[in-house]
Amino acid sequence: MNIKKITSARGELTVPGDKSISHRAVMFGALSDGTSKITGFLKGADCLSTIDCFRKMGVKIDIEGDTVTVYGNGMHGLKSPSEQLYTGNSGTTTRLLCGLLSAQNFDTVISGDASIAKRPMGRVCNPLRLMGAKIDGDYCPLTIHGTRLHGMDHKMEVASAQVKTALILAAMYADGETKIHEIEKSRDHTELMLKAMGADIDVNGLDITVRPTKRLTAQNVAVPGDISSAAFFMVLGAIMKNSEITIKNVGINPTRTGIIDVMRDMGADIAMSNERTVTGEAAADITVKSSQLHGLTIGGSIIPRLIDELPIIAVMAAFADGETVIKDARELKVKETNRIRAVVDEFTKCGIDITETDDGMIIRGGKPIHSADFKTYGDHRMAMSLCVLAQAADGTFTLDDAECVNVSYPAFFSDLWSLE
Ligand code: S3P
């Protein structure tokens, strides 16, 4: 695809619902007693994979526009699926299901696409095995033999909300208390939502205690816009001349707002308004204007708060004066693709001064950028980041696979072009 360019980015838009919250609302709704209406649901491929898997386990789920109705089967109401559960490109579906399925009274096989087959599942299977889980393999396809699980006291090895959530789901079914200690605070949508639904869960800083939970009560969920999708337009507004973009109703849960902190620290003109709480999650409108940006060192405990935004932050760094160092971000290597390698290779193609490091990258920004044929590696966030890069650069650009944006943001291109 030739990347069509806009000359300035002005206007207002709403981004699709939060991916993490959409997955969880379906999964936890399926385990609850009662019916949940989920409004603002993200109808991207990943969340549709979650719906598909739960339908295969006997849960009735209706989709009408972006409202999803889940008719809960209760904590012990999932049925043995008659075929494999296929999770497509979705790491969240795959890893969360590992925790949940370990505790069922039936066996399942989980498989996904070529990217999922390469993503490490040992990080979730190994701690589950400490609870008694019986899982064959550390890569998809995984066979999970449902069994009785035990509580444990566990220090996590990676900062990962997917691993944390898998353990919390397993712990609700275990025969005793489970303590989970995070190494860094990762997104906490699971803790917030499950607690609101009646799970016996306490959070104290990095320590989470989960006690066996007999029953979850269905609740309606209004999903706020995904800050990880809004990030593409926040950065676009900052790097393009003569721009002002307002993104309405964006989730600003503090475990997700590292991008806002980084943009402010790099000198971006960014403001929040209309701050409110929707179904236990903070939301606001975000306005970004053309900005004079400068480089920054980004590392440490902020990384889990912006992990999915690092490719688009790298784009911002290419348009900032001076050096930006991204460190402590090894996790980028095990995303939909190796995002350190992918960003470095694609940026180098168009003349950006960038160096790969073991745990991130160094970008010396503010240099001329020229035409290039970009590769997305089938990664939705790479595709959208490169498209934003092209908007603010001189030259002409192509993208080898525009379709992959469907994973998290099917209307990305039309929303972008609507800003002209
Ligand atoms: C997610 C957690 C993060 C994130 C992913 C969604 C979630 O992954 O990158 O896009 O919904 O829990 P990790 O848990 O691997 O950090």
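All values derive from a computational prediction rather than experimental measurement. (Residues numbered from 1 in each chain as written. Predicted model: local features only at pLDDT ≥ 70, side-chain atom pairs only at ≥ 80, totals over all residues. Heavy atoms only, no water.)

Chemist: Got a sec to walk through the packing of aromatic side chains? Specific residues and values, please.
Modeler: One pass over the structure, following the stated rule, counts seven aromatic pairs. Here the aromatic rings of Phe 232 and Phe 412 are separated by 6.0 Å at their centres, their planes lie at 75°, and the arrangement is edge-to-face. Taken together, the residues Phe 232 in helix H8 (residues 227-239) and Phe 412 in helix H13 (residues 412-417) connect sequence positions 180 residues apart. Neither Phe 232 nor Phe 412 differs from the other in exposure class; each is buried. Both rings, one in Tyr 409 and one in Phe 412, keep their centres 5.6 Å apart while their planes meet at 75°; by these two values the pair is edge-to-face. Summarising the burial analysis for this pair, Tyr 409 and Phe 412 share the class buried. (Phe/Tyr/Trp six-rings, centres within 6.5 Å; stacked < 30°, edge-to-face > 60°. Helix = DSSP H or I, 4+ residues; strand = E, 2+ residues; numbered from the N terminus. Buried < 20%, exposed > 50% of the residue type's maximum accessible area, 1.4 Å probe, protein only.)

Chemist: Hey, could you go over the domain arrangement of the protein chain for me, with residue numbers and the actual values?
Modeler: Under the domain assignment used here, the protein chain contains domain 1 (10-16 + 224-417) and domain 2 (19-210). Domain 1 and domain 2 are separated by 28 Å when their C-alpha centres are compared. Listed by partner, the interface residues are 23 residues for domain 1 and 22 residues for domain 2. In total, domain 1 and domain 2 occlude about 1900 Å² of area from one another, counting both sides; carbon and sulfur atoms represent 50% of this. At the junction of domain 1 with domain 2, the criterion picks out three salt bridges. Notably, a salt bridge pairs Arg 123 with Glu 331, separated by 2.8 Å at the nearest N-O pair. If you look at where domain 1 meets domain 2, you find 12 residue pairs in polar contact (both at pLDDT 80 or more). Per-class residue counts for the side of domain 1 that touches domain 2 are seven nonpolar, eight polar and eight charged. (Domains from an automatic or database assignment. Contact = heavy atoms within 4.5 Å. Buried area = accessible area lost by both parts, 1.4 Å probe. Salt bridge = Lys/Arg side-chain N within 4 Å of Asp/Glu carboxyl O. Polar contact = N/O pair within 3.5 Å; in protein donor to acceptor, adjacent residues only side chain to side chain. Nonpolar A, V, L, I, M, F, W, Y, C, P; charged D, E, K, R; others polar.)

Chemist: Can you explain the environment of His 23? Please cite residues and give values.
Modeler: Secondary-structure assignment places His 23 in helix H1 (residues 19-30). Expressed as a C-alpha distance, the spacing of His 23 and Ala 329, which sit 306 residues apart in the sequence, is 24 Å. What His 23 contacts, discounting residues up to four positions off in sequence, is Asp 46, Cys 47, Thr 50, Ser 90, Thr 92 and Thr 93.

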